Amino acid sequence: MSDTSHDRLLIIDFGSQVTQLIARRLRELNVYCEIHPYQNVTDAFLAEFAPKAVIFSGGPASVFDDGAPQPPASVFEMGVPILGICYGQQVMMHMLGGKVEQGHGTAEFGRAYVTPSDARIDLLNGWFLEAKEQVWMSHGDHVSQIAPGFEVYGTSPNAPFAITADVARNFFAVQFHPEVHHTPNGKTLYENFVKLAGFTGDWTMGAYREEAIRKIREQVGDAKVICGLSGGVDSSVAAVLIHEAIGDQLTCVFVDHGLLRHNEADEVVTMFRDHYNMPLIHVDESDLFLGELEGQSDPETKRKIIGKLFIDVFQKHATEVGGAKFLAQGTLYPDVIESVSFSGGPSVTIKSHHNVGGLPEKMGLKLVEPLRELFKDEVRALGRELGLPDSFIGRHPFPGPGLAIRCPGDITREKLDILRKADAVYIDQIRKHGLYDEIWQAFVAILPVRTVGVMGDFRTYDYACALRAVTSVDGMTADYYPFSHEFLGETATRIINEVKGINRVTYDITSKPPGTIEWE
(Lines give C-alpha, C1' and ligand atoms only; values in the text may rest on other atoms or scores of the structure.)
Protein backbone atom coordinates (compact mmCIF):
# COMPACT_ATOMS: atom_id res chain seq x y z
CA MET A 1 0.00 0.00 0.00
CA SER A 2 1.11 3.53 -0.63
CA ASP A 3 -0.47 6.59 0.95
CA THR A 4 -2.62 6.08 4.06
CA SER A 5 -3.04 9.66 5.23
CA HIS A 6 -5.64 10.59 2.60
CA ASP A 7 -9.07 9.33 1.71
CA ARG A 8 -8.35 6.94 -1.12
CA LEU A 9 -10.20 5.94 -4.24
CA LEU A 10 -9.54 2.53 -5.76
CA ILE A 11 -9.58 2.02 -9.53
CA ILE A 12 -9.95 -1.67 -10.38
CA ASP A 13 -8.35 -2.18 -13.77
CA PHE A 14 -9.94 -4.58 -16.26
CA GLY A 15 -7.48 -3.79 -19.03
CA SER A 16 -8.70 -0.61 -20.69
CA GLN A 17 -6.03 1.29 -22.64
CA VAL A 18 -7.31 4.51 -21.04
CA THR A 19 -7.43 3.46 -17.38
CA GLN A 20 -4.57 5.85 -16.62
CA LEU A 21 -6.76 8.72 -17.81
CA ILE A 22 -9.27 7.95 -15.05
CA ALA A 23 -6.54 8.39 -12.46
CA ARG A 24 -5.32 11.58 -14.12
CA ARG A 25 -8.81 13.10 -14.05
CA LEU A 26 -9.16 12.27 -10.37
CA ARG A 27 -5.74 13.60 -9.45
CA GLU A 28 -6.68 16.83 -11.23
CA LEU A 29 -9.54 17.04 -8.72
CA ASN A 30 -7.02 16.63 -5.85
CA VAL A 31 -8.29 13.13 -5.08
CA TYR A 32 -5.76 10.45 -4.21
CA CYS A 33 -6.35 7.25 -6.19
CA GLU A 34 -4.50 4.10 -7.14
CA ILE A 35 -4.91 1.67 -10.05
CA HIS A 36 -4.73 -2.03 -9.25
CA PRO A 37 -5.25 -5.03 -11.59
CA TYR A 38 -8.46 -6.89 -10.79
CA GLN A 39 -6.57 -10.12 -9.95
CA ASN A 40 -4.72 -8.33 -7.17
CA VAL A 41 -7.93 -7.02 -5.59
CA THR A 42 -8.92 -9.64 -3.03
CA ASP A 43 -11.13 -9.43 0.04
CA ALA A 44 -8.02 -8.93 2.16
CA PHE A 45 -6.76 -6.22 -0.19
CA LEU A 46 -10.06 -4.32 0.04
CA ALA A 47 -10.02 -4.50 3.83
CA GLU A 48 -6.48 -3.13 4.00
CA PHE A 49 -6.87 -0.50 1.29
CA ALA A 50 -10.20 0.71 2.75
CA PRO A 51 -11.27 2.85 -0.24
CA LYS A 52 -13.75 5.65 0.21
CA ALA A 53 -15.05 4.90 -3.31
CA VAL A 54 -14.34 2.45 -6.14
CA ILE A 55 -14.28 2.78 -9.93
CA PHE A 56 -14.41 -0.20 -12.30
CA SER A 57 -12.47 0.53 -15.51
CA GLY A 58 -13.36 -0.54 -19.01
CA GLY A 59 -11.61 -3.44 -20.70
CA PRO A 60 -11.44 -5.67 -23.77
CA ALA A 61 -13.05 -8.76 -22.21
CA SER A 62 -16.62 -10.02 -22.35
CA VAL A 63 -18.51 -11.21 -19.29
CA PHE A 64 -19.21 -14.33 -21.39
CA ASP A 65 -15.51 -15.28 -21.60
CA ASP A 66 -14.24 -18.21 -19.58
CA GLY A 67 -12.70 -16.75 -16.45
CA ALA A 68 -13.99 -13.29 -17.32
CA PRO A 69 -12.41 -10.55 -15.16
CA GLN A 70 -14.52 -9.44 -12.24
CA PRO A 71 -14.04 -7.84 -8.82
CA PRO A 72 -14.61 -9.71 -5.56
CA ALA A 73 -18.30 -9.77 -4.63
CA SER A 74 -17.41 -8.20 -1.28
CA VAL A 75 -16.80 -4.86 -2.99
CA PHE A 76 -20.56 -4.42 -3.22
CA GLU A 77 -20.91 -4.95 0.53
CA MET A 78 -18.47 -2.21 1.57
CA GLY A 79 -21.07 0.53 1.63
CA VAL A 80 -19.02 2.88 -0.57
CA PRO A 81 -19.99 4.53 -3.87
CA ILE A 82 -19.07 2.56 -7.01
CA LEU A 83 -18.84 3.78 -10.60
CA GLY A 84 -18.66 1.23 -13.42
CA ILE A 85 -17.37 2.33 -16.84
CA CYS A 86 -18.04 0.39 -20.08
CA TYR A 87 -16.97 -3.19 -19.22
CA GLY A 88 -17.18 -2.00 -15.62
CA GLN A 89 -20.87 -1.33 -16.13
CA GLN A 90 -21.41 -4.72 -17.74
CA VAL A 91 -19.65 -6.69 -15.03
CA MET A 92 -21.58 -4.74 -12.37
CA MET A 93 -24.91 -5.58 -13.98
CA HIS A 94 -23.85 -9.21 -14.55
CA MET A 95 -22.86 -9.71 -10.89
CA LEU A 96 -25.85 -7.88 -9.38
CA GLY A 97 -28.59 -9.69 -11.30
CA GLY A 98 -28.91 -7.84 -14.59
CA LYS A 99 -28.25 -9.19 -18.08
CA VAL A 100 -25.63 -8.51 -20.74
CA GLU A 101 -25.90 -9.46 -24.42
CA GLN A 102 -23.21 -9.89 -27.01
CA GLY A 103 -23.00 -7.65 -30.10
CA HIS A 104 -26.04 -8.36 -32.30
CA GLY A 105 -25.89 -5.02 -34.09
CA THR A 106 -25.71 -2.85 -30.98
CA ALA A 107 -21.94 -2.38 -30.83
CA GLU A 108 -20.87 1.25 -30.62
CA PHE A 109 -17.43 2.67 -31.36
CA GLY A 110 -16.63 6.36 -31.47
CA ARG A 111 -18.67 9.50 -30.94
CA ALA A 112 -22.24 9.10 -29.70
CA TYR A 113 -24.87 11.24 -28.00
CA VAL A 114 -26.64 10.50 -24.74
CA THR A 115 -30.04 11.99 -23.98
CA PRO A 116 -31.42 12.15 -20.42
CA SER A 117 -34.21 9.93 -19.18
CA ASP A 118 -34.02 11.61 -15.79
CA ALA A 119 -31.15 13.88 -14.77
CA ARG A 120 -32.28 14.41 -11.19
CA ILE A 121 -29.45 12.55 -9.49
CA ASP A 122 -26.28 13.93 -7.93
CA LEU A 123 -24.03 12.22 -10.48
CA LEU A 124 -25.58 14.27 -13.28
CA ASN A 125 -25.62 17.71 -11.63
CA GLY A 126 -24.71 20.21 -14.36
CA TRP A 127 -23.91 17.46 -16.86
CA PHE A 128 -26.66 17.69 -19.46
CA LEU A 129 -25.87 21.21 -20.60
CA GLU A 130 -27.76 20.62 -23.85
CA ALA A 131 -30.62 18.34 -24.84
CA LYS A 132 -28.00 15.67 -25.51
CA GLU A 133 -24.41 15.20 -24.39
CA GLN A 134 -21.51 14.00 -26.56
CA VAL A 135 -19.70 10.91 -25.27
CA TRP A 136 -17.20 8.35 -26.52
CA MET A 137 -18.37 4.76 -26.86
CA SER A 138 -16.22 1.66 -27.33
CA HIS A 139 -18.22 -1.50 -26.68
CA GLY A 140 -19.33 -4.68 -28.40
CA ASP A 141 -21.48 -6.22 -25.66
CA HIS A 142 -24.25 -4.20 -24.06
CA VAL A 143 -26.50 -4.30 -21.02
CA SER A 144 -29.93 -5.70 -21.98
CA GLN A 145 -31.49 -5.71 -18.52
CA ILE A 146 -30.44 -3.65 -15.54
CA ALA A 147 -30.00 -5.20 -12.10
CA PRO A 148 -32.70 -4.89 -9.42
CA GLY A 149 -32.63 -1.51 -7.73
CA PHE A 150 -31.20 0.33 -10.75
CA GLU A 151 -32.99 2.91 -12.87
CA VAL A 152 -32.15 4.36 -16.28
CA TYR A 153 -30.99 7.99 -16.42
CA GLY A 154 -29.57 8.29 -19.94
CA THR A 155 -29.77 6.52 -23.30
CA SER A 156 -27.97 6.53 -26.65
CA PRO A 157 -29.11 5.04 -29.97
CA ASN A 158 -27.26 1.77 -29.36
CA ALA A 159 -27.09 1.81 -25.56
CA PRO A 160 -30.56 1.95 -23.96
CA PHE A 161 -28.87 1.83 -20.55
CA ALA A 162 -26.09 4.35 -21.21
CA ILE A 163 -26.44 5.76 -17.67
CA THR A 164 -27.89 3.70 -14.84
CA ALA A 165 -27.86 4.04 -11.07
CA ASP A 166 -28.99 2.48 -7.84
CA VAL A 167 -29.21 5.74 -5.92
CA ALA A 168 -29.96 4.08 -2.60
CA ARG A 169 -26.62 2.26 -2.64
CA ASN A 170 -24.70 4.94 -4.57
CA PHE A 171 -23.93 2.49 -7.39
CA PHE A 172 -23.55 4.16 -10.78
CA ALA A 173 -22.74 2.73 -14.19
CA VAL A 174 -22.13 4.28 -17.61
CA GLN A 175 -21.55 2.55 -20.95
CA PHE A 176 -19.28 5.31 -22.29
CA HIS A 177 -15.84 6.60 -21.29
CA PRO A 178 -16.04 9.93 -19.39
CA GLU A 179 -12.24 10.02 -18.94
CA VAL A 180 -11.34 10.64 -22.60
CA HIS A 181 -11.35 14.10 -24.18
CA HIS A 182 -13.94 12.90 -26.74
CA THR A 183 -16.42 13.11 -23.83
CA PRO A 184 -16.04 16.89 -23.41
CA ASN A 185 -18.03 17.21 -20.19
CA GLY A 186 -16.74 13.98 -18.64
CA LYS A 187 -14.86 15.80 -15.89
CA THR A 188 -18.21 16.92 -14.44
CA LEU A 189 -19.23 13.30 -13.85
CA TYR A 190 -16.02 12.64 -11.91
CA GLU A 191 -16.44 15.86 -9.94
CA ASN A 192 -19.95 14.84 -8.97
CA PHE A 193 -18.92 11.28 -8.13
CA VAL A 194 -16.10 12.27 -5.76
CA LYS A 195 -18.29 14.94 -4.20
CA LEU A 196 -21.10 12.52 -3.39
CA ALA A 197 -18.45 10.09 -2.07
CA GLY A 198 -17.33 12.74 0.39
CA PHE A 199 -13.81 13.50 -0.88
CA THR A 200 -12.45 16.85 0.28
CA GLY A 201 -9.77 17.33 -2.38
CA ASP A 202 -6.83 17.19 0.07
CA TRP A 203 -4.36 15.64 -2.40
CA THR A 204 -2.13 18.69 -2.96
CA MET A 205 1.53 19.04 -3.81
CA GLY A 206 2.15 20.95 -0.60
CA ALA A 207 0.76 18.08 1.44
CA TYR A 208 2.55 15.51 -0.69
CA ARG A 209 5.86 17.30 -0.23
CA GLU A 210 5.57 17.20 3.57
CA GLU A 211 4.51 13.55 3.62
CA ALA A 212 7.24 12.51 1.17
CA ILE A 213 9.93 14.19 3.28
CA ARG A 214 8.66 12.40 6.38
CA LYS A 215 8.65 9.03 4.59
CA ILE A 216 12.16 9.54 3.18
CA ARG A 217 13.51 10.32 6.65
CA GLU A 218 11.78 7.26 8.12
CA GLN A 219 13.08 4.97 5.36
CA VAL A 220 16.65 6.25 5.18
CA GLY A 221 17.42 7.15 8.78
CA ASP A 222 21.05 8.26 8.98
CA ALA A 223 22.20 6.22 5.94
CA LYS A 224 23.76 7.66 2.80
CA VAL A 225 21.87 7.84 -0.50
CA ILE A 226 23.20 8.14 -4.05
CA CYS A 227 21.14 9.46 -6.94
CA GLY A 228 21.81 8.99 -10.62
CA LEU A 229 21.17 12.49 -11.91
CA SER A 230 20.41 12.64 -15.62
CA GLY A 231 19.45 16.30 -15.76
CA GLY A 232 15.87 15.41 -16.67
CA VAL A 233 12.86 16.63 -14.72
CA ASP A 234 12.13 13.37 -12.89
CA SER A 235 15.57 12.66 -11.44
CA SER A 236 16.07 16.36 -10.70
CA VAL A 237 12.84 16.73 -8.73
CA ALA A 238 13.59 13.50 -6.87
CA ALA A 239 17.08 14.77 -5.99
CA VAL A 240 15.87 18.14 -4.70
CA LEU A 241 13.10 16.50 -2.63
CA ILE A 242 15.46 13.97 -1.07
CA HIS A 243 18.08 16.65 -0.39
CA GLU A 244 15.45 18.69 1.42
CA ALA A 245 14.71 15.63 3.55
CA ILE A 246 18.22 14.42 4.42
CA GLY A 247 20.66 17.11 3.28
CA ASP A 248 24.26 16.01 2.76
CA GLN A 249 23.39 12.35 3.28
CA LEU A 250 22.55 12.52 -0.45
CA THR A 251 25.20 12.54 -3.15
CA CYS A 252 24.27 12.86 -6.82
CA VAL A 253 26.26 11.27 -9.62
CA PHE A 254 26.03 13.02 -12.99
CA VAL A 255 27.58 11.13 -15.89
CA ASP A 256 28.39 13.14 -19.03
CA HIS A 257 28.40 10.52 -21.77
CA GLY A 258 29.19 12.97 -24.56
CA LEU A 259 25.65 12.72 -25.93
CA LEU A 260 24.11 15.73 -24.18
CA ARG A 261 22.68 18.87 -25.71
CA HIS A 262 24.52 22.19 -26.02
CA ASN A 263 25.80 23.41 -22.61
CA GLU A 264 23.61 20.84 -20.81
CA ALA A 265 26.30 19.48 -18.51
CA ASP A 266 27.31 22.99 -17.37
CA GLU A 267 23.67 23.95 -16.71
CA VAL A 268 22.95 20.85 -14.62
CA VAL A 269 26.15 21.07 -12.59
CA THR A 270 25.72 24.79 -11.97
CA MET A 271 22.13 24.39 -10.78
CA PHE A 272 22.71 21.46 -8.43
CA ARG A 273 26.19 22.14 -7.12
CA ASP A 274 26.04 25.93 -6.93
CA HIS A 275 22.36 26.84 -6.57
CA TYR A 276 21.31 23.94 -4.33
CA ASN A 277 24.75 23.39 -2.77
CA MET A 278 24.23 19.66 -3.22
CA PRO A 279 27.05 17.09 -3.05
CA LEU A 280 27.61 16.16 -6.68
CA ILE A 281 30.07 13.88 -8.45
CA HIS A 282 30.42 15.06 -12.06
CA VAL A 283 32.29 12.68 -14.33
CA ASP A 284 33.14 13.14 -17.99
CA GLU A 285 33.07 9.69 -19.54
CA SER A 286 32.50 10.88 -23.10
CA ASP A 287 35.67 9.22 -24.41
CA LEU A 288 34.54 5.87 -23.03
CA PHE A 289 31.01 6.06 -24.43
CA LEU A 290 31.93 7.46 -27.85
CA GLY A 291 34.78 4.97 -28.15
CA GLU A 292 32.44 2.03 -27.53
CA LEU A 293 29.87 3.47 -29.96
CA GLU A 294 32.37 3.96 -32.77
CA GLY A 295 31.31 2.06 -35.89
CA GLN A 296 27.93 1.08 -34.43
CA SER A 297 24.89 1.98 -36.51
CA ASP A 298 22.16 -0.40 -35.28
CA PRO A 299 19.76 1.47 -32.94
CA GLU A 300 19.28 -1.40 -30.49
CA THR A 301 23.00 -2.04 -30.31
CA LYS A 302 23.57 1.63 -29.49
CA ARG A 303 20.96 1.53 -26.72
CA LYS A 304 22.41 -1.63 -25.18
CA ILE A 305 25.95 -0.25 -25.22
CA ILE A 306 24.85 2.99 -23.57
CA GLY A 307 22.71 1.19 -20.98
CA LYS A 308 25.47 -1.20 -19.96
CA LEU A 309 28.09 1.55 -19.77
CA PHE A 310 25.78 3.67 -17.62
CA ILE A 311 25.49 0.89 -15.06
CA ASP A 312 29.24 0.20 -15.09
CA VAL A 313 30.22 3.86 -14.78
CA PHE A 314 27.61 4.62 -12.15
CA GLN A 315 28.70 1.66 -10.04
CA LYS A 316 32.33 2.72 -10.32
CA HIS A 317 31.69 6.22 -9.07
CA ALA A 318 29.05 5.20 -6.54
CA THR A 319 31.78 3.41 -4.61
CA GLU A 320 33.30 6.84 -3.99
CA VAL A 321 30.35 7.46 -1.66
CA GLY A 322 31.47 5.17 1.14
CA GLY A 323 28.73 3.36 3.01
CA ALA A 324 25.82 4.28 0.73
CA LYS A 325 22.86 2.00 1.39
CA PHE A 326 20.20 3.49 -0.91
CA LEU A 327 19.85 4.42 -4.56
CA ALA A 328 17.36 7.16 -5.48
CA GLN A 329 15.39 6.89 -8.73
CA GLY A 330 12.84 9.10 -10.44
CA THR A 331 10.35 6.27 -11.04
CA LEU A 332 6.87 7.61 -11.86
CA TYR A 333 3.42 6.08 -11.39
CA PRO A 334 2.91 5.39 -15.13
CA ASP A 335 6.17 3.39 -15.06
CA VAL A 336 4.74 1.25 -12.28
CA ILE A 337 1.33 0.82 -13.94
CA GLU A 338 2.74 -0.03 -17.36
CA SER A 339 5.09 -2.63 -15.90
CA VAL A 340 2.19 -4.74 -14.60
CA SER A 341 -0.61 -5.77 -16.92
CA PHE A 342 -4.25 -5.70 -15.80
CA SER A 343 -4.17 -9.50 -15.47
CA GLY A 344 -1.40 -9.18 -12.91
CA GLY A 345 1.21 -10.84 -15.12
CA PRO A 346 3.94 -9.54 -17.40
CA SER A 347 2.49 -7.16 -19.95
CA VAL A 348 2.80 -8.16 -23.58
CA THR A 349 1.47 -4.94 -25.04
CA ILE A 350 2.97 -2.14 -22.96
CA LYS A 351 6.63 -1.31 -22.58
CA SER A 352 8.70 -2.45 -19.64
CA HIS A 353 10.74 0.13 -17.75
CA HIS A 354 14.39 -0.04 -16.81
CA ASN A 355 13.74 1.67 -13.48
CA VAL A 356 10.97 -0.67 -12.32
CA GLY A 357 11.76 -4.06 -10.88
CA GLY A 358 14.90 -3.66 -8.82
CA LEU A 359 18.66 -3.26 -9.20
CA PRO A 360 21.61 -5.41 -10.15
CA GLU A 361 22.11 -7.59 -7.05
CA LYS A 362 25.82 -6.85 -6.88
CA MET A 363 25.06 -3.20 -6.08
CA GLY A 364 23.63 -4.22 -2.72
CA LEU A 365 21.47 -1.07 -2.48
CA LYS A 366 17.84 -0.48 -1.55
CA LEU A 367 15.64 1.85 -3.60
CA VAL A 368 14.27 5.24 -2.65
CA GLU A 369 11.53 6.27 -5.10
CA PRO A 370 9.72 9.35 -3.78
CA LEU A 371 7.89 10.06 -7.06
CA ARG A 372 6.50 6.55 -7.46
CA GLU A 373 2.91 7.74 -6.82
CA LEU A 374 2.99 10.71 -9.22
CA PHE A 375 2.14 11.37 -12.85
CA LYS A 376 4.41 13.55 -14.98
CA ASP A 377 2.31 16.68 -14.60
CA GLU A 378 2.29 16.16 -10.82
CA VAL A 379 6.09 15.87 -10.81
CA ARG A 380 6.27 19.24 -12.54
CA ALA A 381 3.86 20.67 -9.93
CA LEU A 382 6.01 19.26 -7.14
CA GLY A 383 9.09 20.75 -8.78
CA ARG A 384 7.45 24.18 -8.67
CA GLU A 385 6.49 23.57 -5.04
CA LEU A 386 10.18 22.85 -4.34
CA GLY A 387 11.27 26.05 -6.08
CA LEU A 388 12.88 24.65 -9.22
CA PRO A 389 12.82 27.29 -11.96
CA ASP A 390 10.01 27.02 -14.54
CA SER A 391 12.58 27.13 -17.32
CA PHE A 392 13.94 23.84 -16.02
CA ILE A 393 10.69 22.14 -14.98
CA GLY A 394 9.05 22.85 -18.32
CA ARG A 395 11.87 21.38 -20.40
CA HIS A 396 10.93 18.96 -23.14
CA PRO A 397 11.63 15.27 -22.45
CA PHE A 398 15.13 14.10 -23.35
CA PRO A 399 15.90 10.40 -23.92
CA GLY A 400 18.34 8.46 -21.75
CA PRO A 401 20.57 7.55 -24.74
CA GLY A 402 20.71 11.26 -25.57
CA LEU A 403 21.77 12.42 -29.00
CA ALA A 404 22.78 8.88 -29.97
CA ILE A 405 19.22 8.16 -31.12
CA ARG A 406 18.99 11.47 -32.95
CA CYS A 407 22.03 10.55 -35.01
CA PRO A 408 20.95 7.62 -37.24
CA GLY A 409 23.87 5.64 -38.60
CA ASP A 410 27.41 5.97 -37.32
CA ILE A 411 28.07 8.35 -34.42
CA THR A 412 31.05 10.69 -34.70
CA ARG A 413 32.15 13.70 -32.71
CA GLU A 414 31.81 15.83 -35.85
CA LYS A 415 28.19 14.82 -36.38
CA LEU A 416 27.36 15.33 -32.69
CA ASP A 417 28.86 18.85 -32.75
CA ILE A 418 26.83 19.73 -35.84
CA LEU A 419 23.69 18.26 -34.26
CA ARG A 420 24.12 20.20 -31.01
CA LYS A 421 24.47 23.51 -32.85
CA ALA A 422 21.49 22.86 -35.13
CA ASP A 423 19.34 21.78 -32.18
CA ALA A 424 20.27 24.92 -30.23
CA VAL A 425 19.23 27.15 -33.15
CA TYR A 426 15.94 25.25 -33.57
CA ILE A 427 15.00 25.48 -29.89
CA ASP A 428 15.98 29.16 -29.86
CA GLN A 429 13.61 29.73 -32.77
CA ILE A 430 10.77 27.94 -30.98
CA ARG A 431 11.31 30.02 -27.86
CA LYS A 432 11.55 33.28 -29.80
CA HIS A 433 8.20 32.56 -31.43
CA GLY A 434 6.59 31.72 -28.06
CA LEU A 435 5.83 28.13 -29.04
CA TYR A 436 7.95 26.13 -26.58
CA ASP A 437 5.19 25.43 -24.05
CA GLU A 438 2.72 24.40 -26.77
CA ILE A 439 5.01 21.59 -27.90
CA TRP A 440 5.55 18.30 -26.05
CA GLN A 441 8.96 17.63 -27.57
CA ALA A 442 11.12 19.22 -30.27
CA PHE A 443 14.56 18.32 -31.58
CA VAL A 444 16.79 17.96 -34.63
CA ALA A 445 17.96 14.65 -36.09
CA ILE A 446 21.05 14.63 -38.30
CA LEU A 447 20.55 12.26 -41.22
CA PRO A 448 23.12 9.70 -42.42
CA VAL A 449 23.25 11.25 -45.89
CA ARG A 450 25.08 14.13 -47.52
CA THR A 451 23.42 16.27 -50.15
CA VAL A 452 24.64 18.64 -52.84
CA GLY A 453 23.98 22.33 -52.33
CA VAL A 454 25.07 25.77 -53.46
CA MET A 455 26.23 28.51 -51.13
CA GLY A 456 27.34 31.65 -52.89
CA ASP A 457 29.28 30.51 -55.95
CA PHE A 458 30.45 27.29 -54.35
CA ARG A 459 29.22 23.74 -54.38
CA THR A 460 28.58 22.15 -50.96
CA TYR A 461 28.26 18.51 -50.01
CA ASP A 462 27.01 18.49 -46.43
CA TYR A 463 24.56 16.73 -44.11
CA ALA A 464 20.79 16.98 -44.24
CA CYS A 465 18.82 17.30 -41.01
CA ALA A 466 15.21 16.76 -39.99
CA LEU A 467 13.28 18.95 -37.57
CA ARG A 468 10.81 17.15 -35.29
CA ALA A 469 8.13 18.72 -33.09
CA VAL A 470 5.11 16.94 -31.65
CA THR A 471 2.11 17.59 -29.48
CA SER A 472 1.08 14.95 -26.97
CA VAL A 473 -0.52 14.40 -23.57
CA ASP A 474 1.60 11.54 -22.28
CA GLY A 475 3.95 10.57 -25.11
CA MET A 476 2.00 7.37 -25.87
CA THR A 477 0.49 8.96 -28.97
CA ALA A 478 1.58 12.15 -30.71
CA ASP A 479 0.94 14.36 -33.72
CA TYR A 480 3.31 16.72 -35.48
CA TYR A 481 3.13 20.41 -34.57
CA PRO A 482 1.64 22.53 -37.40
CA PHE A 483 4.35 25.15 -37.81
CA SER A 484 3.68 27.86 -40.37
CA HIS A 485 5.71 27.78 -43.58
CA GLU A 486 7.14 31.14 -42.58
CA PHE A 487 8.51 29.66 -39.34
CA LEU A 488 9.98 26.64 -41.13
CA GLY A 489 11.58 28.79 -43.81
CA GLU A 490 13.09 31.17 -41.28
CA THR A 491 14.40 28.29 -39.15
CA ALA A 492 15.91 26.46 -42.14
CA THR A 493 17.68 29.65 -43.21
CA ARG A 494 19.14 30.18 -39.74
CA ILE A 495 20.39 26.59 -39.43
CA ILE A 496 22.03 26.59 -42.87
CA ASN A 497 23.63 29.99 -42.29
CA GLU A 498 24.75 29.39 -38.68
CA VAL A 499 25.66 25.71 -38.63
CA LYS A 500 28.60 24.66 -40.75
CA GLY A 501 28.04 21.15 -42.08
CA ILE A 502 24.30 21.30 -42.88
CA ASN A 503 22.95 22.41 -46.25
CA ARG A 504 19.45 20.91 -46.28
CA VAL A 505 16.59 21.04 -43.71
CA THR A 506 13.43 18.91 -43.71
CA TYR A 507 10.41 18.72 -41.38
CA ASP A 508 9.09 15.38 -40.12
CA ILE A 509 5.26 15.29 -40.23
CA THR A 510 4.82 11.67 -39.09
CA SER A 511 2.40 11.01 -36.24
CA LYS A 512 2.77 8.35 -33.52
CA PRO A 513 1.64 5.79 -34.49
CA PRO A 514 2.77 4.77 -37.09
CA GLY A 515 6.08 6.43 -36.31
CA THR A 516 7.77 7.00 -32.96
CA ILE A 517 8.65 10.41 -31.55
CA GLU A 518 12.39 9.74 -31.64
CA TRP A 519 14.08 8.53 -34.83
CA GLU A 520 15.70 5.49 -33.24
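Scroll up to find the structure.
First, a word on scope: everything that follows refers to the structure included in this document. From a predicted model like this one, the values you see are computed outputs, not experimental measurements.

So, how was this worked out
- Residues numbered from 1 in each chain as written.
- Predicted model: local features only at pLDDT ≥ 70, side-chain atom pairs only at ≥ 80, totals over all residues.
- Heavy atoms only, no water.
- Disulfide = S-S within 2.5 Å.
- Pairing = 2+ DSSP bridges.
- Helix = DSSP H or I, 4+ residues; strand = E, 2+ residues; numbered from the N terminus.
- Axes fitted to C-alpha atoms, helices over the stretch in contact; angles between N-to-C directions.
- Contact = heavy atoms within 4.5 Å.
- Phe/Tyr/Trp six-rings, centres within 6.5 Å; stacked < 30°, edge-to-face > 60°.
- Buried < 20%, exposed > 50% of the residue type's maximum accessible area, 1.4 Å probe, protein only.
- Lys NZ or Arg CZ within 6 Å of the ring centre and 35° of its normal.
- Core = buried A, V, L, I, M, F, W, Y, C linked by side-chain atoms within 4.5 Å.
- Parallel < 35°, antiparallel > 145°, perpendicular 65-115°, else oblique.
- Left-handed = near helix turned anticlockwise from the far one by under 90°.
- Nonpolar A, V, L, I, M, F, W, Y, C, P; charged D, E, K, R; others polar.

Considerations on the state of the cysteines
Going through the model one piece at a time under the given rule, you end up with zero disulfides. Here Cys33 is not disulfide-linked; the sulfur of Cys86 is the nearest cysteine sulfur, at 19 Å. For Cys227, which is in no disulfide, the shortest distance to another cysteine sulfur is to Cys252 and amounts to 4.5 Å.

Quick notes on the sheet that holds strand 14 (residues 280-284)
Overall, parallel pairing links the five strands, which are arranged 14-13-12-15-16 in an open sheet. With one partner strand each, in any of the chains shown, strand 14 and strand 16 (366-368) form the two edges of the open sheet. The average undirected angle you get between the axes of adjacent strands in this sheet is 30 degrees. Note that strand 15 (residues 324-328) and strand 16 share three bridges and pair parallel. Bridged to Ala328 within strand 16 is Val368. Across the face of the sheet, helix 6 (residues 233-246) comes into contact with strand 12 (224-228), strand 13 (250-256), strand 15 and strand 16 while running at roughly 155 degrees to strand 13.

Observations concerning the packing of aromatic side chains
Two measures describe an aromatic ring pair: the distance that separates the ring centres and the angle between the ring planes. Scanning the model with the defined rule gives 18 aromatic pairs in all. Taking the centre distance of 6.0 Å and the plane angle of 35 degrees together, the rings of Phe272 and Tyr276 count as tilted. Tyr276 carries the same exposure label as Phe272, and that label is buried. Members of the aromatic cluster, each reached through a chain of ring pairs, are Phe14, Tyr38, Phe56, Phe76, Tyr87 and Phe171. Seen from the ring of Phe49, Arg8 lies directly overhead, with NZ or CZ sitting 4.1 Å from the centre. Its end group placed over the ring of Tyr113, Lys132 keeps NZ or CZ at 4.7 Å from the ring centre.

Some details on the nonpolar core
If you look at the biggest cluster of nonpolar residues, it comprises 49 residues, and the most contacted ones within it are Tyr426, Ile430 and Phe483. With eight residues, helix 13 (residues 413-432) is the largest single contributor of residues to this core. In this structure, Ile213, Cys227, Val240 and Leu280 belong to the second largest nonpolar core, which totals 45 residues.

Structural notes on the packing of helix 5 (residues 205-220) against helix 6
Direction vectors running N to C along helix 5 and helix 6 enclose 65 degrees, while the axes themselves pass 9 Å from each other. By the criterion of interaxial angle, the relationship of helix 5 to helix 6 is roughly perpendicular. At the point where helix 5 passes helix 6, the crossing takes the right-handed sense. Two secondary-structure elements touch here, helix 5 through Arg209, Ala212, Ile213, Ile216, Arg217 and Val220 and helix 6 through Leu241, Ile242, Glu244, Ala245 and Ile246. Counted by class, the contact of helix 5 with helix 6 contains eight nonpolar, no polar and three charged residues.

Some words on the pairing of strand 10 (residues 159-166)
Sheet faces and side chains relate simply in a regular strand, where the side chains alternate between the two faces. For strand 10, a buried count of seven out of eight residues is recorded, marking the element as mostly surrounded by other parts of the structure. Counted along the chain from strand 9 (residues 151-156) to the antiparallel partner strand 10, the turn is two residues long. Hairpin connection from strand 10 to strand 11 (residues 171-174): four residues lie between these consecutive antiparallel strands, with Asn170 at a positive phi of about 60 degrees.

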